[in-house]
Structure formats: structure tokens, C-alpha cells
Amino acid sequence: IRMKRDLLSSDGIYCFSDIIGFELIRYFKSVGKEIPVIIGVDNIQSEIPLPFTILSIGVNKEALVDKAIKILIDQINDVDTTVKIVTEDVILNKIN
């Protein structure tokens, strides 16, 4: 009950994925509450049209796939692969 009360009184909510964010928007609408700022992660709405506006953080999917394939090929060829944290190609979208 406390979590529900905290959720309904939030100014903003950070979600693990856009789909969770969309479900929260649907919930807020169903209970007649004002929708806070909701931020999703994965930018799925760039690939799948969804009915609500959401702010989403994503990555350049093509670049991510290219890097993953390179790492896999290097591992297959016994090349020393050191995993690096890459912060480039972050995409911030607000889609209607």
C-alpha cells in the first residue's frame, strides 16, 4: 500500500524499460491521476509504435550489434577481449 501511495505521489519515475513506462502511464490514466515524468530505457518506441509519449534513453542499436559481433568473433579466434564500457552513441528521445 505504501509503495502504491509513493508511486501515485511521484514527480517522476525512472523505469528499467519503455514498456514498464508505458504500463505505468496506462495505470495512471486508469486511476485518473496526473501522469508524472516517466523515463524509460531502451528506446523501444523507435522500433515499435506505442500510443503514449515517453522520454527514453537508448543506444545506437546498430553500433551496439557491431561491437557485440566483433567481441564474439575475437573470442572465437582466441583474441584477448577486454570488455570496455562505452558511453558514446547514447540517444535521448521523446516520442509521441
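Relevant structure appears above.
First, a word on scope: everything that follows refers to the structure included in this document. The shown structure was predicted, so the numbers you read here are calculated from the model rather than taken from an experiment.

Rules used throughout
Residues numbered from 1 in each chain as written. Predicted model: local features only at pLDDT ≥ 70, side-chain atom pairs only at ≥ 80, totals over all residues. Heavy atoms only, no water. Helix = DSSP H or I, 4+ residues; strand = E, 2+ residues; numbered from the N terminus. Polar contact = N/O pair within 3.5 Å; in protein donor to acceptor, adjacent residues only side chain to side chain. Phe/Tyr/Trp six-rings, centres within 6.5 Å; stacked < 30°, edge-to-face > 60°. Buried < 20%, exposed > 50% of the residue type's maximum accessible area, 1.4 Å probe, protein only. Pairing = 2+ DSSP bridges. Core = buried A, V, L, I, M, F, W, Y, C linked by side-chain atoms within 4.5 Å. Contact = heavy atoms within 4.5 Å. Expected span 1.5 Å × (residues − 1). Arc of directions from axis to C-beta.

**Some points on the side chain of Asp 18**
Take Asp 18: it is sitting in helix H2 (residues 18-30). In terms of polar contacts, Asp 18 uses its side chain to reach the backbone amide nitrogen of Val 41, at 3.3 Å.

**Comments concerning the packing of aromatic side chains**
The full count for this structure, using the stated rule, is 1 aromatic pair. For the ring pair Tyr 27 and Phe 28, a centre distance of 6.1 Å and an interplane angle of 70° mean the geometry is edge-to-face. Classification of Tyr 27 by relative accessible area gives partly exposed; the value is 23%. The buried category is assigned to Phe 28, whose relative accessible area is 0%.

**Remarks on the pairing of strand E3 (residues 54-59)**
On E3, burial follows the alternation: Ile 54, Ser 56 and Gly 58 on one face are buried, whereas Leu 55, Ile 57 and Val 59 on the facing-out side are not. As defined by bridge partners, strand E2 (residues 37-41) adjoins E3 across 3 bridges and the pair is classed as parallel. When the bridges of E3 are listed, Val 41 appears paired with Ile 57.

**As for the nonpolar core**
Judged by nonpolar contacts, Ile 13, Cys 15, Phe 22, Leu 24, Ile 25, Phe 28, Ile 38, Phe 52 and Ile 54 together constitute the single largest core of 9 residues. In contact with Phe 22, other than residues within four places in its own chain, are Gln 45, Leu 50, Phe 52 and Ile 54.

**What to know about the environment of Pro 51**
The topology assignment puts Pro 51 in the loop between E2 and E3. Accessibility expressed as a relative area gives 66% for Pro 51, which makes it exposed. Along the backbone, Pro 51 and Phe 22 are 29 residues apart, and their C-alpha atoms lie at a distance of 8.4 Å.

**So, H2**
Across its 13 residues, H2 extends 18 Å between first and last C-alpha, which sits within 8% of the 18 Å expected from 1.5 Å per residue. For H2, every residue scored as buried is listed here: Asp 18, Gly 21, Phe 22, Leu 24, Ile 25 and Phe 28. Seen from one end, H2 has its buried residues packed into an arc of 160°, which puts them on one side. Directly beyond the C-terminal end of H2, a positive phi value near 70° is found at Gly 32.

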